[in-house]
Amino acid sequence: MGKVNTVWNHYFRDKRRFADLFNGVCFDGRQVIKPEELIELDGESNFVLEDKDGKRRYVQRYRDIIKGWNGFVLRGILAVELQDKVHYAMPVKNMIMDALSYTDQMGNIWENIPNDEKKILVGSPDYFLRFRKDDKLCPVITLVFYCGDNWDGNIDLHSMFNLTGMEEQKDVM
């Protein structure tokens, strides 16, 4: 994205502007997110996928801008993806990035469980899944900031589905 990315990246790194963007889009301008509640997060997500044969695949993704929203506890993870060109699969790209953020959170929760507690969980679904019944994740909200001329791409996952012929099936059900 080059120059455009650099300019908008610098602009939204300012916590006041970042909070204003989210308050305007998500909260109808109400000042719910305060700049002093925002913390910088690493925009890099890494994940290792292992298939049943033990072959590993390394996944690495980068967010343009990502901040934690802190109150008494972390309330959420807020991200902005900067675009100057239409990306027709943007909903899927965001879904993948959000899923990686949730995966990172799950990994962090598991890493902070004491080893003696992990030993008790051996053999349970909690140990296999690395997530316990009462563990909680922070919501991830991603906004796309488009600075091109006309966005004619998809804005949600539903608009990417091929639902041709489904109208007739609905009448049958």
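None of these values were measured; they are calculated from a predicted model. (Residues numbered from 1 in each chain as written. Predicted model: local features only at pLDDT ≥ 70, side-chain atom pairs only at ≥ 80, totals over all residues. Heavy atoms only, no water.)

Student: It is not clear to me how the pattern of salt bridges should be interpreted in this structure. Could you clarify?
Tutor: Two side chains carrying opposite charge are able to pair once their charged atoms lie near each other. Evaluation of the coordinates by the stated rule reveals nine salt bridges. Note that Asp-14 is salt-bridged to Arg-16, the shortest N-O span being 3.8 Å. Overall, the relative accessible area of 26% leaves Asp-14 in the partly exposed class. Close ionic contact of Arg-63 with Glu-81 constitutes a salt bridge, the shortest N to O distance being 4.0 Å. With Arg-63 in the loop between β3 (56–62) and β4 (65–70) and Glu-81 in strand β5 (residues 74–83), the pair connects residues that are 18 residues apart, well separated along the chain. (Salt bridge = Lys/Arg side-chain N within 4 Å of Asp/Glu carboxyl O. Buried < 20%, exposed > 50% of the residue type's maximum accessible area, 1.4 Å probe, protein only. Helix = DSSP H or I, 4+ residues; strand = E, 2+ residues; numbered from the N terminus.)

Student: What is the right way to read the pairing of strand β2 (residues 44–50) from this model?
Tutor: Working note: regular strand, side chains alternate between the two faces of the sheet. Sheet topology note: the β2/β3 ladder contains seven bridges and is antiparallel. Bridge assignment links Val-48 to a residue of β3, and that residue is Tyr-58. Between β2 and the antiparallel strand that follows it, β3, lie five residues; Gly-54 among them carries a positive phi value of about 85°. (Pairing = 2+ DSSP bridges.)

Student: What's the story with the packing of aromatic side chains in this structure? I'm lost.
Tutor: The description of two aromatic rings rests on the distance between their centres and on the angle between their planes. Under the defined criterion, the tally for this structure stands at eight aromatic pairs. Residues Phe-12 and Phe-145 carry aromatic rings whose centres are separated by 4.8 Å and whose planes lie at 70° to one another, so their mutual orientation is edge-to-face. In this pair, Phe-12 is assigned in helix α1 (residues 3–13) and Phe-145 in strand β6 (residues 140–146), connecting sequence segments 133 residues apart. Here the aromatic residues Trp-8, Tyr-11, Phe-12 and Phe-145 are joined through ring pairs into a cluster of three or more. In this arrangement the basic side chain of Lys-67 is found over the ring face of Phe-18, its NZ or CZ atom lying 5.4 Å from the centre. (Phe/Tyr/Trp six-rings, centres within 6.5 Å; stacked < 30°, edge-to-face > 60°. Lys NZ or Arg CZ within 6 Å of the ring centre and 35° of its normal.)

Student: Teacher, can you tell me more about the nonpolar core here?
Tutor: Side chains of nonpolar character tend, in soluble globular proteins, to be buried together. With 14 residues, the main nonpolar core has Phe-18, Phe-22, Ile-33, Leu-38, Leu-78 and Val-80 as its most contacted residues. Looking at this core, the elements that each hand over two or more residues are α2 (15–26), β4 and β5. Here this core gets four residues from one element, more than from any other, and that element is α2. (Core = buried A, V, L, I, M, F, W, Y, C linked by side-chain atoms within 4.5 Å.)

Student: Explanation requested: helix α3 (residues 90–111) in the structure shown.
Tutor: Count 3.6 residues to each turn of an α-helix, and residues three or four apart come out pointing the same way. Taking 1.5 Å per residue as the helical rise, α3 with its 22 residues ought to reach 32 Å, and the 31 Å between its terminal C-alpha atoms agrees with that figure. Taken together, the buried positions of α3 are Met-90, Pro-91, Asn-94, Met-97, Asp-98, Leu-100, Ser-101, Gln-105 and Trp-110. (Expected span 1.5 Å × (residues − 1).)

Student: Can you walk me through the environment of Arg-17 in this structure?
Tutor: Along the chain, the position of Arg-17 falls in helix α2. Exposure remark for Arg-17: the relative accessible area of 28% places this residue in the partly exposed category. When the C-alpha atoms of Arg-17 and Pro-35 are compared, they prove to be 8.2 Å apart, with 18 residues separating the residues in sequence. In contact with Arg-17, other than residues within four places in its own chain, are Tyr-11 and Phe-12. (Contact = heavy atoms within 4.5 Å.)

Student: Got a minute to help me understand the side chain of Thr-142 in this structure?
Tutor: Position of Thr-142 relative to the elements: it lies in strand β6. Of note is the side chain of Thr-142, whose polar atom sits 2.8 Å from the side chain of Arg-63. In terms of polar contacts, Thr-142 uses its side chain to reach the side chain of Asp-98, at 2.6 Å. Apart from the residues within four sequence positions on either side, Thr-142 is in contact with Arg-63, Ala-79, Glu-81, Asn-94 and Asp-98. (Polar contact = N/O pair within 3.5 Å; in protein donor to acceptor, adjacent residues only side chain to side chain.)

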